[in-house]
Amino acid sequence: MSRILKTIALLLCGFAAANILATARAADLAWPAITAEAKPWSRWWWLGNITTEDGLHAAMEQYAAAGLGGLEITPIYGVKGEEDKFIPYLSPDWVSRFAYTLKEGKRLGITIDMNTGTGWPFGGPWVTPDDTCKYMAHKKFTVKSGEKLAEPIKLVETGMVSPRSVNISQIKEPFGNTPDLQKLAIDNLKMPDPLKLNTLMAFSDKAGQKPLLLTKQVGADGMLDWTPPADSGTWTLYAIFDGLHSRMVKRAAPGGEGHTPDHFSAEAIGHYLAKFDSALKDQKLDGFRAFFCDSYELDSGTFGEANFTPQFFDEFQQRRGYDLRLHLPVLLAAKPSDEYTRLLCDYRETISDLLLDNFTTVWRQWAAGHGKMIRNQAHGSPGNVLDLYAAADIPETEGFGNPGGAEGELNMQVAMMYASSAAHVLGKRLASSETCTWLDDHFLTTLAHAKQRINTTLLAGINHILYHGTPYSPPEEAWPGFLFYAAVEFCPANSWWDDFATLNKYVARCQSLLQSGQPDNDLLVYAPFYDVWMQPGNGNLPHFNIGGRFPAQDTGRALVKAGYSFDFISDRQLNSLTFADGALRSGGNTYKAIVLPETKYLPPQTLEKLLFLVKQGATVMVQAALPSDVPGWNDLEKRRTALQAMVKSLPAPENKSSGVSDIHLDAGHIFIGQKLTALLAQGAILPETMVGQGLQYIRRQGDGSRVYFVVNGSDKSIDGWVPLAADAKFVAIFDPMTGALGRGVVKAGQEHGSQVYLQLSPGQSCLVKTFQLSPGGSNWAYVRPHGEAQPLAGTWDISFVKGGPELPAAVQTDKLQSWTEWNGDAGKVFSGTAKYTLKFAKPQATQGTAPATWRLDLGKVAESARVTLNGADLGTLIAAPFWIDIPADKLQDQNTLEISVSNLMANRIADMDKHDVPWKRFYNANVAARDPENRGRNNLFSAAKWEPRPSGLIGPVTLTALEKFEP
């Protein structure tokens, strides 16, 4: 064949291949299947364990119909006046109810988790003094050479109990024999008992005298059988006792009251879990997924901190390589010095290790022995929360009520990323969150506010929402039923319950995509826990709380604001990181670079690992400067020398014009600079510049596609091109609120990536999926106004269909306003649902051609609305913008519009409080007010001062013709 003929043949083959590629399509567009785990779950409080099979059946039917996919059973305090119905925790009757719940869950498609305890933290009456959580109690004695110590080596605990209303004389031992435990609601308790001696060390003030361990020389009576040698100086004796920490189970259920176990002792945790082995030994646990641990919070509100365990000194020596008992004079003096700070760092790291090895791992292995997983809220603890989250099958974080505006919301989002980061780095499919905890004070949270918080949670990389929460209430209980003191009322008593399913569908659609594939984050951000542990601070143990300060949190905030995607990583997790095929790899995920925030103290083995990765081709970006010192005390000079030697061995840096130094080490780079964005630019790490338009995002990948969850977090509408770092040939847009989907319009980016045309009002969200082949299905409908909005005028027939305390009289009006304004006292106190009916003629288009779509805009709605037109359901609106797009063929010449609007529980509750109608009858916290202005008698929540809240359809209601367009 001639060269010309060969060229023609090749061209023809190329044209054919291009034609095949052009006509090839990906699979037709569709939402992923909605599984039970894709649906939102809820914490399910059993107040007093007051349950019946009939009641459980009825409640779970309602939950399933509302779209919940799972329930986490957490028994909690009881209800006053219902004591005869209390079911003791883990009793045969309780286990019978649990077994029935599993059976009903299987029937309804609801999966069950269970708290491994009641309230929080773990604990109960079966926790003995030997197994209870401990603190390091200590006392000093002095004895001169040649003399015997005259007094016994003893320490008696200072008795205390809280709340103050409880007298310690009311406490019986063992604790479970104390009467009226629900009424007493004890959070903290120390009995005035002698403490067990753990260690006795003797230190002489004379040079050359070695410290002595004298524990075995102390008799049962406390007398020391030892006399210092003659001329050996004056000896100070340091006696360490197993102090009994005060923490009791907070908000405990009947039968669950008692002390918290020692989280640093595998033996104590084993004894604690044996109670569950015994209680559940004859049960089939089908339909039961995971055991759950609420946030550690063991030292929250307590007197002192849990910082010790009987085997602590042995554990410390094994893990840190030296005997801490030889340093007790420095440790217990707590005076600023380099030695003290380093001892403190080692102490804190040991506590972290014990929480990981002797609590979390022991609990996880125990659960696995039952064929179950664990969900763990590691925050609130003094440990390295990244490692603690990672040890769980499902790491779980939580939000909180009022974070303090946009900056506070961002701070909370970054803190929640510690749990999702652990899941991502370890390759776990789910990261969960206790969601919507105390968003507002009681009865004030709207579904719109819940959706906003859910968006923040999803943006943090969480893909398994669990509401906080749903109290079980017997069917016969008068409104508002059983309630929990610190929650949004996600329960059937809530006025907006009938609209709750719409929120749940939104969450399920989002999570169906966000649980698919793998996370798609570019960076790993090292979390410098050692820098925190090397700070003296107040007390021995820093606790890492949501809403507090996490290591590298400021770096995380800066990265989110600049549009970069990342996960946090710990030293332990960094050790298992690999580099291959041009990418850092962990948990089946890939990353482009590691960010080392400004860090002073770094273990030599961590730097060695970083340099190993760089030599293979990885990029490490160092803020400010390389770490200059090592943490901890043992082999200090040896480790310090090793660190400094590695730093000195690095090639001379090349200075860049951007103020960044580049150390080229074999195949990789270390970039060093003060400005984070300059470092990232040198590493060719591209941000998602959509954040400059006020958009927020999280990104996942799989099967050659990328999925963006995008939220308009600004106060301005987006109607235009949005840049994506992904190079997309085609895109699909998914609306999780309505379920609509279609092929969007995409074009090449101005410098890189691509651009997609999006239309998002403030607060709205969508999911964008990229493709290299065109997906099957219809195009996304882009619309814009085709003329002015036309008010829907006429007479509204308004009837009140559900709620109380009584249904107000029906009303006819041509002027929409809050029903509290025109329906007398009955309207002011009513909480429930009213149906608005309007008959109207089909409007005429104002600009010639008939529109394809009309936009029905309800204006202001307080608080959610279900809309039907001519008997056909158009959808439910739970958040602004309160509009629905109606295909033109759905409008008839004459139409009937029905809008069922539900308000909050607030107005009815306020009326009850103003008239002293009893409904707050719960033990323990009863109904606490979140905000000070809502505190009434006995410091309990009261709505008596509230004015009626706007309610109903306030409008104006308009129709606007829309035309479709191609961007």
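Located above this text is the structure these notes cover.
Okay, so let's go over this structure. (Residues numbered from 1 in each chain as written. Predicted model: local features only at pLDDT ≥ 70, side-chain atom pairs only at ≥ 80, totals over all residues. Heavy atoms only, no water.)

Another point: unusual backbone geometry. Across the junction of S162 and P163, the peptide omega takes the value 10°, indicating a cis bond. Its place among the elements puts P163 in the loop between β6 (160–162) and α4 (181–184). The omega torsion across G804 and P805 is 15°, close enough to zero to call that bond cis. The phi torsion at A185 lies on the positive side, around 50°, for a residue other than glycine. With respect to the element layout, A185 can be found in the loop between α4 and β7 (188–190). Despite not being glycine, A624 shows a phi value in the positive range, around 70°. (Helix = DSSP H or I, 4+ residues; strand = E, 2+ residues; numbered from the N terminus.)

This next bit is on the nonpolar core. Grouped together as the largest cluster of nonpolar side chains are 211 residues, with contacts concentrated most on W94, F98, Y418, F500 and F709. For W94, the residues in contact, after removing those within four places along its chain, are W46, N49, I73, P75, I87, P88, Y89 and M114. Core analysis: the second largest hydrophobic core is formed by 33 residues, V811, A888, V957 and L959 among them. (Core = buried A, V, L, I, M, F, W, Y, C linked by side-chain atoms within 4.5 Å. Buried < 20%, exposed > 50% of the residue type's maximum accessible area, 1.4 Å probe, protein only. Contact = heavy atoms within 4.5 Å.)

Looking now at the packing of aromatic side chains. Taken as a whole and judged by the stated rule, the model has 60 aromatic pairs. Between R251 and the ring centre of Y485, over which it is positioned, the NZ or CZ distance is 4.7 Å. The ring centre of W479 lies 3.9 Å from the NZ or CZ of R908, which sits over that ring. (Phe/Tyr/Trp six-rings, centres within 6.5 Å; stacked < 30°, edge-to-face > 60°. Lys NZ or Arg CZ within 6 Å of the ring centre and 35° of its normal.)

This brings us to helix α11 (residues 447–459). Taking 1.5 Å per residue, 13 residues should reach 18 Å; α11 reaches 18 Å between its end C-alpha atoms and fits that length. All of the buried residues in α11 are L447, A450, K451, R453, I454, N455, T456, T457, L458 and L459. (Expected span 1.5 Å × (residues − 1).)

This part covers the sheet that holds strand β31 (residues 741–744). The six strands lie next to each other as β16-β27-β28-β34-β30-β31, forming an open sheet whose pairing is antiparallel. Looking at which strands have only one partner, the edges of the open sheet turn out to be β16 (518–519) and β31. Relative to strand β28 (residues 705–712), strand β27 (residues 695–702) runs antiparallel, the two sharing eight bridges. Counterpart to L695 in the pairing with β28 is N712. (Pairing = 2+ DSSP bridges.)

Attention now moves to the packing of helix α2 (residues 53–66) against helix α3 (residues 92–108). Running from amino to carboxyl end, α2 crosses α3 at an angle of 35°, the nearest separation of the two axes being 10 Å. For α2 against α3, the interelement crossing comes out right-handed. Listed contacts from α3 to E53, L56, H57, M60, E61 and A64 of α2 are S96, R97, Y100, T101, E104, G105, R107 and L108. In terms of residue class, the contact of α2 with α3 is built from five nonpolar, four polar and five charged. (Axes fitted to C-alpha atoms, helices over the stretch in contact; angles between N-to-C directions. Left-handed = near helix turned anticlockwise from the far one by under 90°. Nonpolar A, V, L, I, M, F, W, Y, C, P; charged D, E, K, R; others polar.)

Any link to function would need more than the numbers given here.
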